[in-house]
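# Structural overview for review
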Amino acid sequence: MTTSPRPGKLSPIDILRLGGYALRARPLRVALSALGIAIGIAAMIAVVGISTSSRAELNRRLDALGTNLLTAGPGSNLFGEAATLPDESVAMIGRIGPVQTVTAIGNLPDAKVYRNDRIPAPQSGGIGAYAVRTNLLTTVGATLASGTWLNEATIEYPAVVLGSRTAQRLGLGAANEDTQIWLGGRWFTVIGILDPVPLVPRLDLGALIGWPAGQRYLNFDGAISSLYIRTDPDAVEAVRGVLARTANPGRPNEVEVSRPSEALAAAAAVDTAFTGLLLGLGAVALLVGGIGVANTMVISVLERRSEIGLRRSLGATRGHIRIQFLGEALLLSVLGGGTGIVLGTGVTAVYATLQAWPTVVPAWAIVGGITATLIIGGVAGLYPAIRAARVAPTEALAAA
Amino acid sequence: MNGSSGPIVTLRAVTREYSGGVVALSDVNLDIENGELLAIVGPSGSGKSTMLNVMGTLDRPSSGQVVVDGFDLADLSDREVSALRAFRIGFVFQQFHLAPGTSALDNVADGLLYTGIGRKERRERAEAALQRVDLGHRLTHRPHELSGGEKQRTAIARAVVREPTLLLADEPTGALDSHSGEGVMRLLLDLNETGTTVVVITHERMVASSLPRQVTMLDGEVVDDRKMAVA
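All values derive from a computational prediction rather than experimental measurement.

Rules behind the numbers
- Residues numbered from 1 in each chain as written.
- Chains lettered and ligands numbered in written order.
- Predicted model: local features only at pLDDT ≥ 70, side-chain atom pairs only at ≥ 80, totals over all residues.
- Contact = placed C-beta atoms within 7 Å.
- Helix = DSSP H or I, 4+ residues; strand = E, 2+ residues; numbered from the N terminus.
- Nonpolar A, V, L, I, M, F, W, Y, C, P; charged D, E, K, R; others polar.
- Pairing = 2+ DSSP bridges.
- Axes fitted to C-alpha atoms, helices over the stretch in contact; angles between N-to-C directions.
- Domains from an automatic or database assignment.
- Buried ≥ 20, exposed ≤ 12 C-beta atoms within 10 Å, placed from the backbone.
- pLDDT = per-residue confidence, 0-100.
- Parallel < 35°, antiparallel > 145°, perpendicular 65-115°, else oblique.
- Left-handed = near helix turned anticlockwise from the far one by under 90°.

Quick look at the interface of chain B and chain A now. With 30 residues of chain B at the interface, the matching set in chain A holds 26 residues. Sort the elements by how many residues they give to the side of chain B that touches chain A and helix 2 (residues 78-88) of chain B lands first, with nine residues. Among the residues forming the side of chain B that touches chain A, the class breakdown is 12 nonpolar, 11 polar and seven charged.

Residue and element names in this part refer to chain B. Across the sheet, six strands lie side by side as 6-7-8-3-9-10; this open sheet has mixed pairing. One side of each edge strand has no neighbouring strand; the edge strands of this open sheet are strand 6 (89-92) and strand 10 (221-227). Across this sheet, the average inter-strand angle for adjacent strands is 15°, counted without regard to direction. Both strand 7 (residues 166-170) and strand 8 (residues 197-202) contribute to a ladder of five bridges, which runs parallel. Note that in strand 8 the partner of Leu-166 across the bridge is Thr-197.

A few words on the domain arrangement of chain A. Along its sequence, chain A is organised into domain 1 (12-62 + 271-398) and domain 2 (67-264). A C-alpha centroid distance of 57 Å is found between domain 1 of chain A and domain 2 of chain A.

Before going further, it helps to spend a moment on unusual backbone geometry. One non-glycine residue, A:Asn219, adopts positive backbone phi at about 55°. Inspection of the secondary structure assignment puts A:Asn219 in the loop between helix 6 (211-217) and strand 10 (226-231). A residue is classified by how many C-beta atoms lie within 10 Å of it, and A:Asn219, with 11 of them, is exposed. Positive phi is not limited to glycine here, since B:Asp27 has a value of about 50°. Examined against the element boundaries, B:Asp27 turns out to sit in strand 2 (residues 23-33). A count of 15 C-beta atoms within 10 Å places B:Asp27 in the partly exposed class.

So, on to the sheet that holds strand 2 of chain B. Residues and elements named next belong to chain B. As summarised here, the arrangement of the four strands in space is 2-1-4-5, forming an open sheet in which the pairing is antiparallel. Across the chains shown, the open sheet's two edge strands, defined by having one partner strand only, are strand 2 and strand 5 (71-72). Bridge analysis of strand 1 (residues 7-17) against strand 4 (residues 63-68) gives five bridges, and the strand direction is antiparallel. Directly across from Thr-15, in strand 4, lies its bridge partner Ser-63. Taken strand by strand, helix 1 (residues 48-55) contacts strand 1, strand 2 and strand 4, and its axis lies near 55° from that of strand 2.

Moving on, we get to the confidence of the model for chain B. Summing up the model confidence of chain B, the mean pLDDT is 90 and the portion of residues at 70 or higher is 97%. The complex prediction reports pTM at 0.74, with the ipTM value standing at 0.91.

We now examine the packing of helix 2 (residues 27-65) of chain A against helix 12 (residues 363-390) of chain A. Between two packed helices, both the angle of their axes relative to each other and the distance between the axes serve to describe the pair. Residues and elements named next belong to chain A. Between helix 2 and helix 12, whose axes approach to 10 Å, the crossing angle comes to 155°. Taken together, the axes of helix 2 and helix 12 are roughly antiparallel relative to one another. The crossing of helix 2 and helix 12 is right-handed. Across from Ile-37, Ile-41, Met-44, Ile-45, Val-48 and Gly-49 in helix 2, the residues of helix 12 making contact are Ala-365, Gly-369, Thr-373 and Ile-376. Looking at the contact of helix 2 with helix 12 residue by residue, the classes come out as seven nonpolar, three polar and no charged.

Residue and element names in this part refer to chain A. The element strand 9 (residues 206-210) is extensively covered by neighbouring structure, given that five of its five residues are classed as buried. Here five bridges tie strand 4 (residues 128-132) to strand 9, and the two strands are oriented parallel to one another. The residue of strand 9 that forms the bridge with Ala-129 is Ala-207. Direction of pairing for strand 6 (residues 159-162) relative to strand 9: antiparallel, over a ladder of three bridges. Of the residues in strand 9, the one forming a bridge with Val-161 is Leu-208.

This part is about the environment of A:Arg312. As for its placement among the helices and strands, A:Arg312 is situated in helix 10 (residues 305-313). A tally of 28 C-beta atoms within 10 Å means that A:Arg312 is categorised as buried. As for A:Arg312 and A:Gly280, which are separated by 32 residues in sequence, their C-alpha atoms are 43 Å apart. Aside from chain neighbours lying at most four places away, what touches A:Arg312 is A:Pro393, A:Ala396, B:Leu58 and B:Ser82.

Set out below in C-alpha cells:
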C-alpha cells in the first residue's frame, strides 16, 4: 500500500483571498459589522490622541515658559499672622550659585485702580497694584502686547504697565503717553500692556508700577510680598531646597516656596480621570463591535454550509475550513480597526488643529489599536470557525 | 481501457445507518474497476446519494469496509481522507455549487486550492481544464453570466482540473435541459475515454442506459448490477 495522502497547505495569501471574496460577496453586512469595531477603535485613538496632543501643547508651552521659575512668598508665622520677607532676601538669594535672576514685587493693597477719578470707589474691579523692579519682565518671561516696559527712569515716576486682563477691564486696547489711569488717588501714565503671563497669572489682573515710584507716591513700605527666581534648569530642585533658609534664615518655616510650572501641569492632570472614562466607553464600543463580528460570522457559517461542503469535497481539511473562517473574521475586524485608526487620527487632527495644538497620536496607541483589533477578530472568529469546521460535508451539501 | 488495472473502489458489507434508525445503505458489496464508466440508478430515497458520499469519502459507513484507490478508509484520519479527496476524487453536483461573483477561471482554480499548488500554476491548469470542456472563451465570466450547461461544464472542469482517478457525478444533468444534458454526458464519456473512472448517479433510466454498466438500487440495497456488452 502507498503512503497515506497528506493534505496541502493554504498559503497566507490564499487565506486572505478567500476572506476577501467572502467579504465582497456581502458588502453591506461587512460594512455594518466593521463599523462597530471602527467606532470603538476610533473613540479610543481619538481620546488618547487628543489627551496626548493637549499634553504636547502643555509641554510646548512649558518649554517656552521654562520650568525653572520658582516663587517664594511670606507664609504665616506660628501665630497665624502674615509674615514678611526680610529686605536682604533678594541679595542673599542672588548669591545662590545656580540662580540666574531674582526679583521682588510688593503688594499695594490700599492702592485701588480706576479708569478715571470719577468712578465710584467700590468699583475697583479687583485689580491689584504691585510695586515691581525692572528685571521682573525677563524673570517671569512676560512679553509686551503694546508700549514699553518700565526702565531705570520711568521706574521713578508715575508710570504704570497693565496686565492683559487689567487692560481689558479698563477698556484700553493699546498704551500711549496720553492715556492715564487713576491709581491710588493720583494719575499714572499707561506706558505698556503685557501679554498674558501663564506662569504668574496674578500679573494679568495687576497694575505694575516702579518700586521707587510706589515708595515716593503711594507710601509703599517696601515689604516684599513675593520673590521670583530663575535658576539654572538643572538645579531647580537644589535651589528650591535651600530657598526658604536663604530667604529668611531666622524663620525658614515662614517662607512658602512653589514652582508655577507644576501648577500648570497639575491642572492638566485633572483631565486624566475624564480620559479614563472615555477610554472605558471606547472599550465598551469595541466589545460591542467584537460581538457584532462574531454574530456576522455565526450567520455566515449557517448560510454558507453548502460552500463548506463543496470545499470539503474539493479536499479541504477541517483545519482549512477553520483557518478560512478565522482569517475572514480577522480580515473583517482589521478592516474595521484600520478605518477606526484613520477616523480617530482624523478626529484628533481636526480637534488639535482647531485648538492650535500640535497633532500627536502616539505610536503605541496605533499598535495597541491594531493588536486589540486582531485579538477581537480572533476571539470573535474562533467559535464560528470551529463550528464551520465541524459541519459534516454530506449534511452541508444536502442543505443546498 | 475499461476494467484494466484492479478495483478503484471496493465496498464490502457496507451499511450506513443514520441516527433515528434510517438505514440508507444495507450490506452493500460493490467493486468498481479502474477506468470503468457506470451509472447508479434508483428512485429517490434508494440510497444512491449515500452510496456516492461513501465512495467519495465524504461519509463513513456505520459498518463494513470501504477501500478507495488502495486506501482502507478505516485506516485514515479525517485529514488524510481530505487529502485523498484533494488528489484523487472529483465531484460534480446537480446544483453546480459554483462561487457567485467569482470568475469561471477562479472557480476552477479553486479545485486545486487544497493540493498545495501555487496560485499561478492553479490558474494555468484551470485555463487548460476550461479549454478541455470547451469554455476557453468564458474564462472571465461569472456564474450568473453562464448558461446551465456552461455552469455544469465549469463544475466538471473544477472536478477534473486535478486529474482525479475517480469522478463522481451526482445527477449531473438533473438541472439541465436535454440538449445541455447531452453535452454534459458526452463530456463525461470523453473523460472516461482518457482513463478517468466515472460514476454517474441518476434517476433517469435514459441516461443510465447509455452507460456500459448500471447498478440499480432500491431501499439501500443493490438489487441489480448489469454490464452491457460493448456495442
